[in-house]
Structure formats: C-alpha cells, structure tokens
Amino acid sequence: MRLARVIVVVVLAALASVYVVAGAPIALAVFGVQVLYLLKLRTWWLLATQAVLVYTASVAGGVSTGILGFLAGSLLLTPAHRDIARVLAPFVVASAALIDAARGGATTDATITMVLVSLVVFGLTRLVERAGEMHAARLSLAAAAVAAERLRLAAELNDGLGRSLEVIVEGGRRALAEPDRAGEVLASVTATARAALTDARAASADYRATSLAPELVTARAMLDAAGIAVEVRGGHTEPLGPGGALLANVLREAVTDVVRRGTARLCVIETSEQGDEQGDRVRLRVLDDGHRTAEAPDFDGLRLEEAGGTLTTGLSSTGRFVVEATLPRGPSAEAAPSEAAPSEEGAGEAGAGDARAPEFPADRRRRRPLPKLTSDASYAVSVTVLAAVLVGFSVKTLLQLPGALVIPAAACLAVIVVMQLRSVNGRHMVALTVMAVLTYAPIPVFGPVWLGAAGFLAGPVLLAFPWRAAWPTVAAIVASVAGTGMLFGLPAPVLANSTVSALVTGLVVYALLRLAQIVKELQAARESLARSAIVEERLRAARDLHDLLGHSLAAILLTCELARRLKCPRERIEEIAAMAEGAWADLRSVSGEQRELSLAAEVESARTVLSAAGIRVTVEPVELNLPAEVETVLGTVLREAVTNVLRHSEARHCAITMRADERGLRLRVRNDGVSAGKTRRGSSGIGNLTTRLAALDGRLASHVDGDRFTLDACVPHRAPVPAQM
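Only a predicted model underlies this, so the values are computations on that prediction, with no experimental measurement involved. Counting starts from 1 at the beginning of each chain's written sequence and moves along it residue by residue. Predicted model: local features are reported for residues with pLDDT of at least 70 only, side-chain atom pairs are reported and counted for 80 or more only, and whole-chain, interface and lining totals are derived from all residues. Values shown for side chains rest on all heavy atoms present in the structure; no hydrogens or waters enter the calculation.

(A) Up close: the packing of helix α2 (residues 26–38) against helix α4 (residues 68–77). The interhelical angle for the contact between α2 and α4, taken along N-to-C directions, is 15°, at an axis separation of 11 Å. Taken together, the axes of α2 and α4 are roughly parallel relative to one another. Of the two possible hands of crossing, α2 and α4 adopt the one that is left-handed. Within the contact between the two elements, α2 uses Val30, Gln34 and Tyr37 and α4 uses Phe70, Ser74 and Leu77. The axes used here are C-alpha line fits, helices contributing only the stretch in contact, and every angle between their N-to-C directions lies in the interval 0 to 180 degrees. Only DSSP runs of H or I with at least four residues qualify as helices, and only runs of E with at least two residues qualify as strands; both kinds are numbered from the N terminus onward. Every angle not falling under 35 degrees, over 145, or within 65 to 115 is termed oblique; those three ranges are roughly parallel, roughly antiparallel and roughly perpendicular. It is the rotation of the near helix from the far one that decides the hand of a crossing: anticlockwise by less than a right angle makes it left-handed, clockwise makes it right-handed. It only takes one pair of heavy atoms within 4.5 Å for two residues to be counted as in contact.

Structure, rendered in structure tokens:
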C-alpha cells in the first residue's frame with residue numbers, strides 16, 4: 001500500500017507543479033493540504049483553508065481555474081456531511097466557469113480542466129483508500145469464508161454421520177433395555193458402525209482431494225527418512241478439484257517405489273499447470289536417479305484415463321526415471337466415485353452396511369466446488385475513473401481543432417483510449433506500438449494541438465517497462481514534445497506548459513492504470529487467500545475425520561464385534577454407548593470446534609481397546625507437563641497407531657513407550673504380527689500425522705523389521721518438565 005500512496009503523492013505534486021510553473025507558488029500550499037486529505041485528516045477547517053488558498057490563487061493571482069479542482073475533489077472526499085459536500089462541488093465547478101467568463105477566457109476548456117483535476121484528485125485518493133480497505137479486509141474475508149465452510153461441513157456431517165451416531169446410541173440403549181433382543185440389536189448397530197466408518201473415510205478422502213499439499217509433505221518426509229535428497233518444486237495453484245486425489249495416489253506410488261528400491265540418491269517432485277486445446281491441466285512429475293531399467297511401479301487401479309488424464313513412465317535422456325501424470329483441473333463428476341472411494345484403510349468395510357444404516361445424502365459424494373466469493377466493484381470503479389479522465393483529456397484536445405479535423409482526430413483518440421484501457425490487464429506491445437504511431441504520425445495534420453497525445457503514450461510506457469528503461473523512454477517522449485513545439489515556433493510559456501502537461505498527463509494516466517491494476521491484484525489476492533483458507537479448513541476436517549472420528553468409529557465397530565460373541569455383553573454395550581458419546585465430541589471437533597486431547601487418557605484408551613482385542617499391551621509412559629498442542633498431536637499419533645495395529649496386523653503384543661530428553665519427547669508404538677512381504681499403498685493416516693507433526697517441527701518415521709512394525713513420532717519440545725504427582 002505504500003507504493004500506491006507514493007504514486008498518488010507524486011501525481012498530486014505533478015498537478016501542483018503545473019500551477020507553480022505558471023507563476024503561482026501558492027499551489028505548493030494547496031498540494032500540502034491535499035496530502036493531508038490523502039492521510040485522512042479531513043475536517044471542515046482544513047477544507048475551508050483549501051478553499052481560501054485556491055480562490056486566492058484563482059481570483060487574486062490570476063491562476064487558471066483548474067486549481068479549483070483540488071477543492072472540488074476534496075469536497076467529494078469529505079466524510080462528514082457528505083451530502084452537503086457533494087452539493088457544494090457543482091457550485092465550485094460553476095464558480096470556475098463564472099471566473100473564466102469574467103476573464104473572457106475559454107470557459108469550456110477551463111471548466112473541463114477543473115473537472116478533470118477534481119476527478120483525478122477524487123479518483124486516485126479513493127482508489128488508494130479502497131485498496132487499503134481491501135488489503136485490511138483480506139483476513140476477515142478469509143475468516144468469513146472458513147466460518148461458512150465450517151457451517152456447511154457441520155450440516156453435511158451431522159446429516160450423515162450424526163444420524164449414524166444417534167442410531168448407535170439408541171441401539172445401545174435398546175440392547176440394555178431388552179437383553180433378549182441384544183443380539184439382533186447389536187447386529188444392526190454393528191452394520192451402522194461399519195457403514196459410518198466407511199462414510200467417514202470416504203468423506204476424508206473427498207475433502208483431501210482438493211489439495212496435493214499434504215501428499216507433498218508426506219513424500220518429502222518419507223524420502224528424508226530414507227536418506228534420499230529431495231527437491232519439491234510446486235508450480236500449481238489450489239484447489240485442484242477431484243483430480244487432486246488421483247494425483248496424490250500417483251505421487252504416493254511413485255515415492256513408495258523410490259523408497260522401496262533404496263538405490264536413489266535424489267528425487268525431484270515437480271508440479272505445474274499448462275493449457276491446451278482441451279483446457280487447463282495440472283501436471284505432476286516425479287524424477288529419481290535410482291532406476292537402472294525402464295521397469296515402472298504398479299499404477300494399476302488408478303484409472304487416470306477415465307478422468308481424462310494421462311500417465312507415462314520411462315527413462316529420460318539423462319538417465320533419470322520419470323513418472324508423469326496430467327489431469328484436467330476439473331474432471332467430470334463421473335470420476336468422483338472412484339476418487340472418493342475408501343482407501344485401502346476402509347476397503348475391508350466397504351459394502352458391509354445394511355439397509356437400516358443411515359447414509360450420507362445422495363449429493364454428498366459429488367465434488368463440491370469452492371464457493372463463489374463476492375466480487376468487489378472497486379476494479380470497475382477504477383476503470384470507470386480512468387475512462388472518464390481519458391475521455392476528458394480527449395475532449396480538451398478536440399475543442400482546439402477546426403471542425404473538419406474533429407472526426408478523424410476523434411477516431412484516433414478513440415483508438416488510443418481503447419488501447420489505454422487494455423493496458424490495465426498487462427503489457428501489450430502491440431497496443432504500445434499503435435499508440436506510438438497515433439501519437440506522432442498525425443502531428444503534421446493536426447498541428448501542435450496534438451502534442452498533448454504524447455502524455456497518453458508516456459503513461460503505458462511507465463507501466464510496461466522496468467523503471468530503468470521506462471524513465472529514459474519517457475524523458476525522450478517529453479523531449480520530443482519540446483523539440484516539436486520548438487519546430488512549430490510555440491512561445492516559451494506555451495512550450496513550457498505543453499512539455500510539463502505531457503509529463504503530468506503521463507503520470508496521471510500511469511497512476512490510474514497502476515492503481516487499477518493494484519485494486520485488481522488485491523481483489524484476486526484476497527479471494528485467493530479466502531480460497532486457500534477454505535482448502536486448509538477442508539484438509540483439517542479430512543485429518544480430523546480420519547484421525548479422530550475414524551478411530552472412534554473403528555473402536556466402536558471392534559467393541560460391537562466383541563459384544564456379539566459374548567453371552568453377557570452388558571459391559572461391552574455400556575462401553576459402546578460411552579464411545580459413541582466420545583464420537584459425538586469428535587464430530588464436533590471435525591465441524592470446527594477445537595478439542596484438546598489428553599495424552600494420558602489416550603494411553604489408557606489404547607490399553608483398553610488393544611486388550612479388548614486380545615493383544616498384550618505394555619506401556620512405559622513418562623509423566624510430563626506438556627503444552628496442550630503437543631499432547632493433542634501425540635494423542636492423535638497414538639490413536640492412528642492403535643488403529644493400524646488393529647487393522648493391518650495380527651498382533652499379539654504391542655509396546656507403547658515414551659522417552660524425554662533435551663531434544664524433546666519421542667513416542668514409539670511397536671507391534672508384531674505384520675505379514676512378511678505384505679505392502680500397502682501410501683496411507684493418508686500417516687500423511688495426516690506427518691502434517692500435524694510438521695506444524696510443531698516434529699518428525700514421523702516408520703519401518704518394518706521382520707514381522708514387527710515401528711512407528712516413531714518426535715516432537716522437539718524444549719526442557720520437558722516432570723509432572724508433579
């Protein structure tokens with residue numbers, strides 16, 4: 001915003017300099033008052049001071065009435081009694097016309113000049129203010145977008161998973177109240193819990209699908225842990241839409257293959273965007289130097305072709321193995337079911353529900369685009385002010401031409417104005433070339449009146465080139481005006497006025513063009529920030545769905561299965577009801593309500609759940625006073641580790657240990673019962689934990705040793721303090 005204010009101050013100084021050159025040093029005081037207005041020091045006494053200054057200069061000093069434009073612009077900017085100020089502004093315009101008429105001068109030309117000055121003063125100042133407001137409002141817009149997304153997530157999840165939890169709680173109560181029908185009721189509750197777990201994992205995959213960022217974090221962590229140097233070059237913008245899930249799967253498989261081979265020294269991950277006749281596409285490339293042949297990893301089942309994408313593998317000319325996948329930014333809705341389908345972690349439960357189990361609404365499975373953010377009118381206002389000023393300058397030029405030349409001159413000026421407006425959207429060399437031709441070629445026909453068109457050329461030149469090249473070019477343009485004026489034999493005062501006016505016009509045009517660009521950039525930036533905040537909120541919901549609610553539902557499902565095998569399942573049914581209440585709390589957390597976990601409570605919960613599954617548990621906890629965020633993250637790690645033990649092993653023993661030293665706290669979960677040679681696709685749960693730990697500068701590592709699997713989480717918490725017993 002500092003650049004915008006500097007631009008406006010320079011333009012205001014340039015406008016005031018025109019009157020200083022004309023012999024009115026009082027214009028410096030007018031400039032000073034206008035700077036105070038720019039700084040939002042706006043009072044009636046300051047406005048009165050400016051009125052005294054401009055009327056003294058115009059009436060007593062004989063200065064052009066254009067200086068009254070400063071007062072008219074300030075009246076339009078006055079916040080107090082705005083209606084009165086806007087009524088007074090036309091009277092200032094009328095007074096300018098009366099003063100010029102009394103002098104016997106060109107009333108129309110002077111009045112247009114005064115109106116243009118007021119438009120420039122008002123437009124530039126208002127644009128700076130609006131840009132500042134947009135910049136200040138960017139965070140509140142992001143917060144509002146996140147709040148709206150949380151409400152949508154809450155309504156969506158409560159409608160699906162919330163009803164499932166209600167059925168589970170009600171079923172537990174019925175089983176306790178009707179022991180004779182406990183088996184039948186538990187069968188229904190088990191089916192509901194299984195369907196809810198599948199839906200929770202599908203929803204987690206759905207929310208994660210809009211972003212590739214979590215998988216990039218996971219990939220870097222995996223490669224770092226394997227001792228492989230990694231370079232990540234992100235060149236895409238998010239959200240990606242449904243294609244994010246497919247690209248994430250490709251990235252998981254490619255990185256898993258690199259780690260499994262163990263021969264690579266460097267892995268490069270690149271993302272980029274490109275456009276072709278089929279529309280915008282996102283490209284993912286994974287390169288490594290560990291392959292000696294063109295043998296590719298197994299990408300069967302990813303089905304990129306069905307989503308309109310491509311997948312190629314092979315050795316490059318430099319000997320690196322390349323995996324390249326491209327996808328449209330918005331795959332068709334038909335691709336959504338395969339993308340949103342449960343990952344390997346939920347495959348075992350898929351399809352196991354019954355007709356009585358609540359389901360998500362039918363449209364829950366469809367990808368929902370990010371909400372359309374409200375467009376701001378500031379950009380349209382900025383372009384309107386620019387167009388008005390350009391037209392005003394053009395009318396001033398036309399008024400000085402003989403009638404026969406007005407139509408061809410108007411046509412030339414119309415083309416110049418259009419080219420100027422095109423300059424708002426970027427650097428257009430063709431437009432600059434056309435403006436340069438129309439600036440100099442008509443001079444022999446239209447005469448010295450056309451010298452003012454050089455100002456129209458100077459503004460876009462300042463915008464299109466770096467300042468080291470732009471300012472010498474502008475200096476050459478201004479010099480050409482002076483030189484041409486001398487060839488026409490213009491008097492010295494007129495020549496000086498024409499030269500200075502060309503420079504001032506260029507600065508005004510540049511300022512309006514640049515501020516219009518700034519407003520547009522700020523609008524795009526704040527919408528991008530809001531969209532990024534929404535993506536982050538969806539990723540948070542995906543992590544909590546998988547790590548918190550997924551764990552609770554998995555524990556409920558396990559307890560239901562155990563209760564069905566017992567003759568007197570009352571105790572287990574009571575546990576189910578208690579777990580369902582805890583799952584309600586997890587659901588509220590997913591919906592945006594912050595919830596802190598107790599590491600001690602999670603340890604006891606892990607002991608209970610594993611013991612209920614017939615797994616011997618040994619726990620070596622260290623009692624520490626830890627920050628709440630550390631306890632929450634490590635508690636979440638423990639939940640995910642226990643879930644993996646139950647779902648991906650035939651464990652007989654599980655050891656949970658915690659060690660504290662000067663480097664921080666290390667949590668280790670180690671279990672046996674891992675099938676030899678059995679591999680899994682990349683786990684979104686491990687990716688979630690990696691992301692959570694990375695927020696605390698922590699690390700996650702895992703490895704398989706024979707039939708034993710170890711998960712290590714380390715948080716660099718300084719100076720652990722033993723808890724007081």
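More follows now that the structure is in view.
(B) Quick peek at the sheet that holds strand β9 (residues 664–671). Pairing between strands is defined by DSSP: at least two bridges between them are needed. Taken in spatial order, the 5 strands line up as β6-β8-β9-β11-β10 in an open sheet, and their pairing is mixed. At either end of the open sheet lies a strand with only one pairing partner, and these are β6 (616–620) and β10 (699–705). This sheet shows a mean twist of 10° between the axes of neighbouring strands, independent of strand direction. Bridging between strand β8 (residues 653–661) and β9 involves 8 bridges; their strand directions are antiparallel. Its bridge partner being in β9, Ile656 is matched across the sheet by Val669. Sitting on the sheet, helix α21 (residues 628–648) is in contact with β8, β9 and β11 (708–715), with an inclination near 10° to β9.

(C) The arrangement of the confidence of the model for the chain in detail. Confidence scores here are pLDDT values: one per residue, from the predictor, ranging 0 to 100. For the chain, the mean per-residue pLDDT works out to 77, and 81% of the residues sit at or above 70. Every residue in residues 331–375 is under pLDDT 50, and counting partners more than four places away or in other chains gives 102 contacts. The model gives residues 719–725 a pLDDT under 50, and that stretch makes 15 contacts with residues more than four places away or in other chains.

(D) Quick look at the nonpolar core. In these notes, a set of buried Ala, Val, Leu, Ile, Met, Phe, Trp, Tyr and Cys residues joined through side-chain atoms within 4.5 Å is what counts as a nonpolar core. A simple rule labels every residue: compare its accessible area, found with a 1.4 Å probe on the protein chains alone, to the largest value its type can have, and call it buried under 20%, exposed over 50%, or partly exposed in between. With 92 residues, the main nonpolar core has Phe70, Trp450 and Val508 as its most contacted residues. It is helix α18 (residues 492–564) that contributes the most residues to this core, 13 residues altogether. With near-sequence residues (within four places) excluded, Val508 lies in contact with Val11, Leu15, Val120, Val389 and Phe393. Membership of the second largest hydrophobic core comes to 34 residues, among which are Ala555, Ala606, Ala641 and Leu693.

(E) A look at the packing of aromatic side chains. Ring pairs are drawn from Phe, Tyr and Trp, using the six-membered ring of Trp, whenever the two centres fall within 6.5 Å, and their geometry is named by plane angle: stacked under 30 degrees, edge-to-face over 60, tilted for the rest. Scanning the model with the defined rule gives 3 aromatic pairs in all. Judged by centre distance (6.3 Å) and plane angle (75°), the ring pair of Phe393 and Phe456 falls under edge-to-face. With Phe393 in helix α12 (residues 378–399) and Phe456 in helix α16 (residues 453–464), the pair connects residues that are 63 residues apart, well separated along the chain. The exposure classification of Phe393 matches that of Phe456, with both residues buried. Look at Trp467 and Trp471: their rings are 6.2 Å apart centre to centre, the planes differ by 90°, and that puts the pair in the edge-to-face class. One end of the pair, Trp467, and the other, Trp471, are both in helix α17 (residues 467–487), 4 residues apart, so they sit about a helical turn from each other.

(F) Quick look at the pattern of salt bridges. A pairing counts as a salt bridge when a side-chain nitrogen of Lys or Arg comes within 4 Å of a carboxyl oxygen of Asp or Glu. Considering all chains together, one arrives at 17 salt bridges under this definition. Of the charged contacts, one joins Glu270 and Arg233 as a salt bridge, the two residues approaching to 2.7 Å between their closest N and O atoms. Of this pair, Glu270 sits in strand β2 (residues 266–276) while Arg233 sits in strand β1 (residues 229–233), and the two are 37 residues apart along the sequence. You can call Glu270 buried: its relative accessible area is 17%. Residues Arg639 and Glu602 are paired through a salt bridge, measuring 2.9 Å at the closest nitrogen-oxygen approach. Of this pair, Arg639 sits in helix α21 while Glu602 sits in helix α20 (residues 599–612), placing them 37 residues apart in sequence. Its relative accessible area of 6% is what places Arg639 among the buried residues. Judged by its relative accessible area of 9%, Glu602 is buried. Overlapping salt bridges bring together Glu231, Arg233, Glu270, Arg285 and Glu324 as one network.

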